Every structure is written in structure tokens, then in C-alpha cells.
Amino acid sequence: MESNLKLSILTSSDFPYGMAMESFVRQLSLGLYVNNVKLEVVRLYGDRLNNINDTRIKCSNYLFNKPFKNEFLKFFEVLFHILFVPYFITYRKFFKKDDAIIMYGLDRAYIVFPITVFSRLFRIKVYRINTEVYLPDTYAFKWWRKPLILFNELQVKYFDRYLDGIIVLSHFLRKLEIENNVKEHNVLLVPHFIDIDVRTASRDDFENKRIDRIGYCGNLSAYRD
């Protein structure tokens, strides 16, 4: 059955291939697509990996085709991204007829808050996917990334509550959002990784049963680009 829902996924990842972020966006997009949702993936930083889009899902770039490489110029890249928000929301509303925008990998107040404000003005629902908490010693490994920790904290503590909804991947993140005054019914838990609150295996589980389990231990933020 044809769906009347139209939405865009605004993501800091590439599309459709790459690492974990790209896999998440691809699976999310394909899941929506097979359920007849009309959608478009919009890459905030453009095509970083020279992807060939072999899906039927339309993909475009937010503003630039490639991210800025120079660390000093990244400041201007951020500034251009912020200034472009009113045009982006206007375009999505009146030309693409979007009902909603889903943000993935966008977790800093300087870009999320303007999108939230203009989306409300144009009556477009806006949702954010929160996947992790950033740790200063692993995420801020370059000088220009240090302020991003502050903007991330501002978003979670003060601005997530104004979004139409938050999608989280663990009970810990769900609790964190609710503690920061996001209404409980606006937080959707979609377990994507192993959640130790749900199941903690003992040695007997493995010795007495033929069960294969695949797990991952490590910091998902330690990404060096």
C-alpha cells in the first residue's frame, strides 16, 4: 500500500556504504523504503567515500559535495551549515513536501536547535537519533573537536526536550533523555547493540547450551577521520 508519509534523513554519515554509521542509515532507509515511505537521504558533509548509490533511495548533499579538510576552514564550514538551515527547511517543506526530518549523527546544539526552530515554524516534525555519549578523551582528539563536547551536552541537557521525538539505542540513553526533561512518551527505545540490562550471560549459559553469541566491547566514539 502506498504511504502518504514523506520524510528526509539528514545525516552526518555517508550513504549508502561505509562504516557503522553508514550501515545504520542504510538499514534505516531500506526499512522505511520497503514500507512505502517516500524518503530522501541528505548527507550533511557530502560524499566523503565516493559512494555509488545502487539503492532506489534518493540521496543528495546538504550544502557541499565534500567536507572541508583544513582544520581552520572547518569553522567556516560550520558557519555555512548554520546559515543554510532556513533555506534547507523551506526547500524541504514547499518543494519536497516533507512531513518530518530524522536527524542521525547531528547532536550539537548549534545546528540542531536552528533546525528545530525553523521546523516548528513550517510545521515539520523533527526527530533525532541519539546513539551514544561522547567522552572528551576519545572524541575530542583534535583541538577543533573540543567545543563539540560542550555543544553536545547543551543539546542533550536543554534542547532535546523541544524535539518531536528522540530515538535511542539503549536503556541508558533512554534514562538520560528522560532525566533531562524529555517526555517519556517522546523517547523511543530501539535496541541496536547489545543491552546488558536485558540479558547478562553466565558461564553456564555457554557450557550447557549450544548458543552462539556475537558481541562488541569498545568505544564507538573513537573514530579518526
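Everything below is about the structure shown above.
Bear in mind the structure is a predicted one, so any value in this text is a computation, not a measurement.

1. Some points on the packing of aromatic side chains
Applying the stated rule across the entire model yields 13 aromatic pairs. Seen in terms of ring centroids, Y110 and F151 are 5.0 Å apart; in terms of plane orientation they differ by 90°. Their pairing is edge-to-face. One end of the pair, Y110, is in helix α3 (residues 109–121); the other, F151, is in helix α5 (residues 146–159), and 41 residues separate them in sequence. Judged by its relative accessible area of 16%, Y110 is buried. Overall, F151 belongs to the partly exposed group, its relative accessible area being 28%. A connected cluster of aromatic rings, assembled from ring pairs, spans Y62, F84, Y87, F88, Y91 and F95.

2. Some remarks on the nonpolar core
In this structure, Y62 and I115 are the most contacted members of the largest nonpolar core, which totals 25 residues. Mapped onto this core, the elements with two or more residues apiece are α2 (74–94), β4 (100–104), α3 and β6 (165–168). The next biggest cluster of nonpolar side chains, apart from the first, holds 16 residues, and it includes I57, I129, I167 and L169.

3. As for a nonpolar patch on the surface
A contiguous nonpolar surface patch, about 760 Å² in accessible area, is contributed by L63, F72, L73, F75, F76, L79, F80 and L83. Residue placement: L73 occurs in the loop between β3 (58–61) and α2.

4. A closer look at the sheet that holds β6
Ordered by their spatial adjacency, seven strands build an open sheet running β3-β2-β1-β4-β5-β6-β7, and the pairing between neighbours is parallel. Looking along the sheet, the strands with just one partner apiece sit at the ends: β3 and β7 (187–189). If you compare each strand with its neighbour and ignore which way they point, the axes differ by 20° on average. Taken together, the four bridges between strand β5 (residues 125–130) and β6 define a ladder with parallel strand orientation. For R128, the partnering residue across the bridge sits in β6 and is I166. Where helix α1 (residues 20–34) meets the sheet, it contacts β1 (6–11), β2 (38–43), β4 and β5, and its direction lies at approximately 175° from that of β1. Docked against the sheet, α2 engages β1, β2 and β4, running at close to 165° with respect to β2.

Definitions and limits used
- Residues numbered from 1 in each chain as written.
- Predicted model: local features only at pLDDT ≥ 70, side-chain atom pairs only at ≥ 80, totals over all residues.
- Heavy atoms only, no water.
- Phe/Tyr/Trp six-rings, centres within 6.5 Å; stacked < 30°, edge-to-face > 60°.
- Helix = DSSP H or I, 4+ residues; strand = E, 2+ residues; numbered from the N terminus.
- Buried < 20%, exposed > 50% of the residue type's maximum accessible area, 1.4 Å probe, protein only.
- Core = buried A, V, L, I, M, F, W, Y, C linked by side-chain atoms within 4.5 Å.
- Patch = residues over 30% accessible without salt bridge, like charges linked within 9 Å, V, L, I, M, F, W, Y side chains within 5 Å.
- Areas by Shrake-Rupley, 256 points an atom, 1.4 Å probe, with all protein chains shown as cover.
- Salt bridge = Lys/Arg side-chain N within 4 Å of Asp/Glu carboxyl O.
- Pairing = 2+ DSSP bridges.
- Axes fitted to C-alpha atoms, helices over the stretch in contact; angles between N-to-C directions.
- Contact = heavy atoms within 4.5 Å.

Nothing here speaks to function; it is geometry throughout.
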